[in-house]
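Read off the chains here:
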Amino acid sequence: MADERNGGGGFGWFILGGLVGVAVGAYIATGPGREQIEGLRSKTIELSGSEPMQRARAAAQRAREAVSDPEHPVGKAIQDGVAAAKRKREELEATAARKTQRATNLEE
């Protein structure tokens, strides 16, 4: 009987916790947290135009070109690997088809 009268207490604590969470979130968003966010945002913008970032972008572009160029050793290795994988897949599919055919023949 006592449990039935006190059953709604858990929900009340849940609502209270939600309200406290909203209040704390609102304080952080308007208080010192806002300054930190703005500082991080400005630092990110500052770093995105920096020399190391520019060098990293140039290196990434060279890597993309090396991968897509079939005459470059890296591009050639990738193409050879793709061709080998394709051959192996065809070989495995043929083996699976033969085994399936044998199993079907045995059942008949």
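Not measured: the values here are computed from a predicted model.

Parameters at a glance
Residues numbered from 1 in each chain as written. Predicted model: local features only at pLDDT ≥ 70, side-chain atom pairs only at ≥ 80, totals over all residues. Heavy atoms only, no water. pLDDT = per-residue confidence, 0-100. Helix = DSSP H or I, 4+ residues; strand = E, 2+ residues; numbered from the N terminus. Salt bridge = Lys/Arg side-chain N within 4 Å of Asp/Glu carboxyl O. Buried < 20%, exposed > 50% of the residue type's maximum accessible area, 1.4 Å probe, protein only.

Moving on, we get to the confidence of the model for the protein chain. Put simply, the protein chain has an average pLDDT of 81, and 86% of its residues get 70 or more. Per-residue pLDDT, averaged within each element of the protein chain, yields its smallest value for helix α1 (residues 2–5) (51) and its largest for helix α5 (residues 73–107) (91).

Glancing now at the pattern of salt bridges. One pass over the structure, following the stated rule, counts three salt bridges. Between Lys 76 and Asp 80 there is a salt bridge; the shortest N-O distance is 3.7 Å. With Lys 76 and Asp 80 both in helix α5, this residue pair falls four residues apart, about one helical turn. The class for Lys 76 is partly exposed, based on a relative accessible area of 44%. For Asp 80, a relative accessible area of 43% puts it in the partly exposed group. Taking the shortest distance from any N to any O, the salt bridge between Arg 89 and Glu 93 comes out at 3.0 Å. In this pair, Arg 89 and Glu 93 both sit in helix α5, four residues apart, roughly one turn of the helix. Overall, the relative accessible area of 44% leaves Glu 93 in the partly exposed class.

What follows concerns the environment of Glu 65. Residue position: Glu 65 is located in helix α4 (residues 51–68). A C-alpha to C-alpha distance of 8.6 Å links Glu 65 and Gly 75, two positions ten residues apart in sequence.

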